[in-house]
Amino acid sequence: MSDWCHNRLEITGKSALISIMEEWISGEAVPLYRHAVMRSIKLFLAGCGGLLRPVKTESFPPFPGLMQSGTGQGTPANLAFEQWLSLLRNDVPLDGEHLRKIERLYHQSGIDAIRWDSIPDVSRRHIARLIEERYADWFGIATLSREIDPGQCWERLSQLPDRAQPCDMLQIIPSRLASELNGSGGLLSGASTSGSLYCRQYGMEWPAGHNVSWEREGVSSIKLAFDSAWFPPAGEVIAALSSTFDCEIRHWYSEPVHDLDGYDCYDRGEHVCSAEAIIDELDDGRPGLHLVPVAEPDEPEGATSVHQAAQ
């Protein structure tokens, strides 16, 4: 990809929180939202296959097939599915409260104990068709092969990742349940696609860092550099990062192709200041970002200092 936006962040805060931020930067923080999405995909498939049914008469206009098997008995599993369906209908944010609730409902449903070979044939056909149709969205892989193994995919949904992407912004501002299931669209009528949601909330379609590097400077500061596709992260993301880790963040960004350069500073979630910026090449060939010098009214331009960004 040629249109990379280069981001440089200088972060200052409490040493303990900076250490936790390092886990987020490196991708070591467990992506609990991704666990909830995988749990929800399996619950969705179980509903479409009739393995789980709501107890009360329900309709789900975004995807009527989810209700095609009608209602079920008031078992703990069906009651859990009915509560999860309410979360999907409300497109809840994948924040701490809802992550815990989805985890509880998933285990209450008992669906994790159901192996692929034990699912009735008619249910397997419904589930297999959906897996094949949504393979790229739900499993993160686009394939030209028609040899998709639905049983293997069913089991993979129980294999939860223990690492996130570096600088995973979905861990800073919660995504939404229906949008995550909808993926690139075409599944849930009227629901936002994940890409559309990401652009609105994070300012980019792939809200994570690329080519990430960082350097700890003492116990209370860190310098971070990463690339983002086409645009820098939205100001709301950097503000939320600053608030989450109770720190000051100075953020320089530059996308040379479209001449997009700037600087913002946030302190404990509050926007402090903005400025224009320029990008230079350092002696070792790396890009360096600098604030554009602005002269005071009574001073010549050359008298104004320039603040160099993190390298």
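Residues numbered from 1 in each chain as written. Predicted model: local features only at pLDDT ≥ 70, side-chain atom pairs only at ≥ 80, totals over all residues. Heavy atoms only, no water.

Where an unreviewed UniProt entry is consulted, the chain appears under the name DUF1281 domain-containing protein, with the organism given as Candidatus Pantoea communis.

1. Brief notes about the side chain of His251
The residue His251 is located in strand β4 (residues 248-255) in this model. Only 2.9 Å separates the side chain of His251 from the side chain of Asn7, close enough to count as a polar contact. Residues in contact with His251, not counting those within four places in the same chain, are Asn7, Arg8, Leu9, Pro232, Pro233, Ile238, Gly262, Tyr263 and Asp264. (Helix = DSSP H or I, 4+ residues; strand = E, 2+ residues; numbered from the N terminus. Polar contact = N/O pair within 3.5 Å; in protein donor to acceptor, adjacent residues only side chain to side chain. Contact = heavy atoms within 4.5 Å.)

2. Examining the pairing of β4
Among the eight residues that make up β4, seven are buried, leaving the element largely enclosed by the rest of the structure. Sheet topology places strand β1 (residues 4-12) next to β4; seven bridges connect them, and they run antiparallel. Across the sheet, the residue bridging to Ile11 is Ile249, located in β4. Of the pairings in the sheet, the one linking β4 to strand β5 (residues 260-267) comprises eight bridges and is antiparallel in character. Paired with Ser254 across the bridge in β5 is Asp261. If you look at the hairpin formed by β4 and β5, you'll find four residues sitting between the two strands, and Asp259 has a positive phi there, around 55°. (Buried < 20%, exposed > 50% of the residue type's maximum accessible area, 1.4 Å probe, protein only. Pairing = 2+ DSSP bridges.)

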